[in-house]
Every structure is written in structure tokens, then in C-alpha cells.
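Breakdown of the fold
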Amino acid sequence: MAAKKLYESFSKSLMEEVHRWGCMKQTGVSLRYMMEFGSKPTEKNLLISAQFLHKELPIRIARRAIELESLPYALSEKPAVLKVRDWYLDSFRDMRSFPEIKDSSDEREFTQMIKAIKVRHNNVVPMMALGVQQLKKVMDPKIVYEDLDEIHQFLDRFYMSRIGIRMLIGQHVELHNPNPPPHCVGYINTKMSPMKVARNASEDARFICLREYGSAPEVNIYGDPDFTFPYVPSHLHLMVFELVKNSLRAVQERNMDSDRVAPPVRIIVADGLEDVTIKVSDEGGGIARSGLPKIFTYLYSTAKNPLDENLDIDSTDAVTMAGYGYGLPISRLYARYFGGDLQIISMEGYGTDAYLHLSRLGDSQEPLP
């Protein structure tokens, strides 16, 4: 019933337009292109950028809105998923009703609109997580979650697309900043220090560990403090924070009742010709081999779940990132977005090593789901 009611709140002509745009070809961009193009944020370049987004964003948004209509196991009909689809349809309508961008004043207005779209979609991840949780409640418990391949593949595509949409909008909006931080082109820092980002992310993760357990293992970082390369610091922060947080929790819980000092978490930053690799190592007891396939699924978490089934799905309060099992799969998508990857290798009974590979060439095109 909810699905039907929602469907009727959007006109037939809008739905037809969504399907028409969803069939159009997406255009990927590379980190290097974003960097070179954004290095001169002249009025002319901002106009070109806005005109590109005016055509590109509706295609990407339409594709996701269409996918949200036909998910397996009736996931499309869950209230939280309907809410997300609502946001995508509203954003598509906003984009399509915006007239052609002809001058700087149009461009400034357009920038304000896409900024509002980005805010509207802030809580897509927790809302989809809530939808999956609503689905899990009514599913046959005999179904093995790792077998729900279709849902995993959909969520991978969906979140990868979301990373791309937010990157394109954020990059364009940030190019308007009259006082950008040194070496920054939009979201990209052309001289980012991975050591510095790793240190900040580790401090944030330790703060959360301290708050939760009353103490936190040390984090030791090894690498060249002077080494820099072009990357998006907020993406790297998110990935390292997630890996360190997992390691701290494992070490802390393993040494909870022990008198010995908890062994430190070690981060090693290696600068290769093609990749910058960041290894996060812990002695937190590792993961059983049978558990490894589960760590990149969206239907599994070892932490207690912070999502409240009674969460007001109209509220836009941010929901905590930890605990609904999305940290690792989403971190891997962030790594893959610019041509990198994330691998987890475990020694059960000892600890875990996470290898975060970041492509330093910046030439790989966005993966377009």
C-alpha cells in the first residue's frame, strides 16, 4: 500500500522522464581531470562544470531511483527504502526543472540547488541500513545472508554511485570557496600527507574507543612524514578511521580481563611507484576464516546495532556510523572509487592486517555502476 501511495505522489510524466534519463550514458571523470580542471576556478570553468553537472547528475540519480523500484525480497516496499527513493525522485525533479545554465548568475543559483540536494541525501546510508534491517526482521532465518548476492551487488552499486554524486557536487561547490586551504583544489589536496591524515583518523578512533571502553591501545605510525601525494583527505580519513576503530575494538576486547598492557595498533605507510599502501596491523585475535567472507557484506556486523527500528524516518539527525556493519564495505568502495582497493588478511588467534591500496596516478576513471 505504501509503495502504491508513494508512486501516486509522483506524476506519471515524471516517472517516464526518470526512465528515459536512466537509459542515458553516464560520463566518468578521473581524479587527475578534477584536479587539472579545478586548478583554475574561473567563471568560465565554473560555468562549464555546472553545465556538465546539469546533464550528468540527473542521469546518475535516475538510474538509482529506477533500481530502488525493483529490489529483490520486496526490499523496495520497506518504509525506509521508500523514503530514500522519495529523496532521489525529489532531487531528479529539482535537477530537471532547473533551466539551462547560461551565465554566472544561473551557475550560482544552480550551485545553491545542488548544495541543498547533497544535504537532502546526507542520511541515505543509515536510512538504507534501516531498510535492510526492516527486511531482515521479516526474512526466513534459514536464508544465509552471504547468499543474498543481489542485495549486496545492488548496495555496492548504489553506494558507489552515491560516492560519485557527492564527490562531483562537493567538488563543484568547494571550487567556490574564496579562501581554499593551501594546495587544495576543491576536495582534493594536491600535497596530502597520508601520515598526517592517518594520525588524525587514529586520534578520532582512539577517542571513540576511550569513550566506549574507558581505555584505548596506542597507535604507532611508521612512514616518511614528508611524503605527499594528491588525494581526497576526507576519503582517506574515513577509511583509516574505520580500520583503526575495528583494530582498537578487537585489541581492547581481547585484553579486557588481562593485566598486561594492550599491544599497540601499527600503521605503516608505504610509497610505491603506482600505489600508496597503508597497512593497519593489530593483535586483536584475528577473524575466523569462516567469518572472512562476511566482513564485506551489508547484512552483518559484530558490533551492537545502533539503528533503532523506531527511528523517525522523517528526521534528518545523523545516525552513528559504527555498528551497522557498513564501515568495511563502504571503505572498500571509497578505495575503489579512485582505482585503489582494500584487502583484509587475518591470522585467527593472533590478529588482522588490513591493506589499503590507493592509486597514486590519479588516472583511473570513476567506476560507474
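Values in this document were obtained by computation on a predicted structure and should not be read as measured data. Here the residue numbering is sequential within each chain, running from 1 through the sequence in written order. With pLDDT at 70 or above as the cut-off, local features in this predicted model cover only qualifying residues; side-chain atom pairs require 80 or more to be listed or tallied, and sums for whole chains, interfaces and linings still use all residues. In computing side-chain values, all of the structure's heavy atoms are included and hydrogens and water are not.

Turning our attention to the packing of aromatic side chains. Only rings of Phe, Tyr and Trp enter the pairing, Trp through its six-membered ring, and a pair is recorded when the two centres are within 6.5 Å. The plane angle decides the type: under 30 degrees is stacked, over 60 is edge-to-face, the rest tilted. As enumerated under the stated definition, the model contains 12 aromatic pairs in all. On the numbers, 5.5 Å between centres and 45 degrees between planes, the contact of Tyr 159 with Tyr 298 is tilted. Taken as a pair, Tyr 159 in helix H8 (residues 149-174) and Tyr 298 in the loop between strand S6 (275-282) and helix H11 (327-337) lie far apart in primary sequence, 139 residues in all. Like Tyr 159, the residue Tyr 298 is buried in the burial classification. The numbering of helices and of strands both runs from the N terminus, where a helix is a DSSP run of H or I of at least 4 residues and a strand a run of E of at least 2. Buried means the residue's accessible area, taken with a 1.4 Å probe over protein chains only, is under 20% of the maximum for its type, while exposed means over 50%, and partly exposed covers the values in between.

At a closest axis distance of 11 Å, the pairing of helix H2 (residues 12-22) and helix H5 (residues 79-96) adopts a crossing angle of 85 degrees. Relative to H5, H2 is oriented roughly perpendicular. Contacts between H2 and H5 involve Leu 14, Met 15, Glu 17, Val 18 and Trp 21 on the former and, on the latter, Leu 89, Phe 92, Arg 93 and Arg 96. Here the residues of the contact of H2 with H5 are counted per class, giving six nonpolar, no polar and three charged. Axes here mean lines fitted to C-alpha atoms, for a helix over just the part in contact, with angles spanning 0 to 180 degrees between N-to-C directions. When an angle is under 35 degrees it counts as roughly parallel; over 145 it counts as roughly antiparallel; between 65 and 115 it counts as roughly perpendicular; any other value is oblique. Residue contacts are defined here by distance: any two heavy atoms, one from each residue, within 4.5 Å place the two residues in contact. The classification used treats Ala, Val, Leu, Ile, Met, Phe, Trp, Tyr, Cys and Pro as nonpolar, Asp, Glu, Lys and Arg as charged, and all other residues, Gly among them, as polar.

As a further point, take the sheet that holds strand S7 (residues 341-347). Any two strands with at least two DSSP-identified bridges between them are counted as paired. Taking strand neighbours across the sheet as the criterion, the five strands line up as S3-S5-S6-S8-S7 in an open arrangement whose pairing is mixed. In this open sheet, the two strands that pair with only one neighbour each are strand S3 (219-222) and S7. Between one strand axis and the next, the sheet turns through 15 degrees on average, direction left out of account. In this structure, strand S5 (residues 265-271) lies alongside S6, joined through six bridges in antiparallel fashion. Residue pairing across strands places Asp 271 opposite Val 276, the latter belonging to S6. Across the sheet, helix H9 (residues 194-213) lies against S3, S5 and S6, angled at about 175 degrees from S3, the strand it touches most.

Take empty space enclosed by the protein next. Cavities and pockets were defined on a 1 Å grid built from protein atoms only: a cavity is a group of points that admits a 1.4 Å probe but offers it no way out, a pocket is an open group of points flanked by protein on both sides within 12 Å along at least five of seven lines, and a lining residue is one with an atom within 4 Å of any such point. Grid points are joined across faces, edges and corners, and a volume is the space filled by probe spheres set on the points. Taken as a whole and assessed by the stated rule, the structure comprises three cavities of 30 Å³ or more. Considered as a void within the structure, the largest cavity measures approximately 70 Å³ in volume. Along the walls of the largest cavity sit Ile 61, Tyr 88, Ile 117, Lys 118, His 121, Arg 162, Ile 165, Arg 166 and Ile 169, which together make up its complete lining. If you list the elements that add at least two residues to the lining of the largest cavity, you get helix H6 (104-120) and H8. For the lining of the largest cavity, the element with the most residues is H8, which contributes four residues. Taken together, the residues of the lining of the largest cavity sort by class into five nonpolar, one polar and three charged.

One non-glycine residue with positive phi stands out, namely Ala 74, at about 60 degrees. Relative to the assigned elements, Ala 74 resides in the loop between helix H4 (43-69) and H5. The backbone of His 183 shows a phi angle near 65 degrees, a positive value even though the residue is not glycine. Its location among the elements puts His 183 in the loop between H8 and strand S1 (184-185). Judged by its relative accessible area of 43%, His 183 falls in the partly exposed class.

This brings us to the nonpolar core. Within the largest apolar cluster, 102 residues are counted, with the highest numbers of intra-cluster contacts made by Met 128, Tyr 159, Leu 236, Ile 267 and Leu 356. Tallying contributions element by element places H8 first for this core, with 12 residues. Those residues within four positions of Tyr 159 in sequence are excluded, and the remaining contacts are Val 125, Met 128, Ala 129, Tyr 298, Tyr 326, Ile 330 and Leu 333. The term nonpolar core refers to a set of buried residues drawn from Ala, Val, Leu, Ile, Met, Phe, Trp, Tyr and Cys, joined through side-chain atoms within 4.5 Å.

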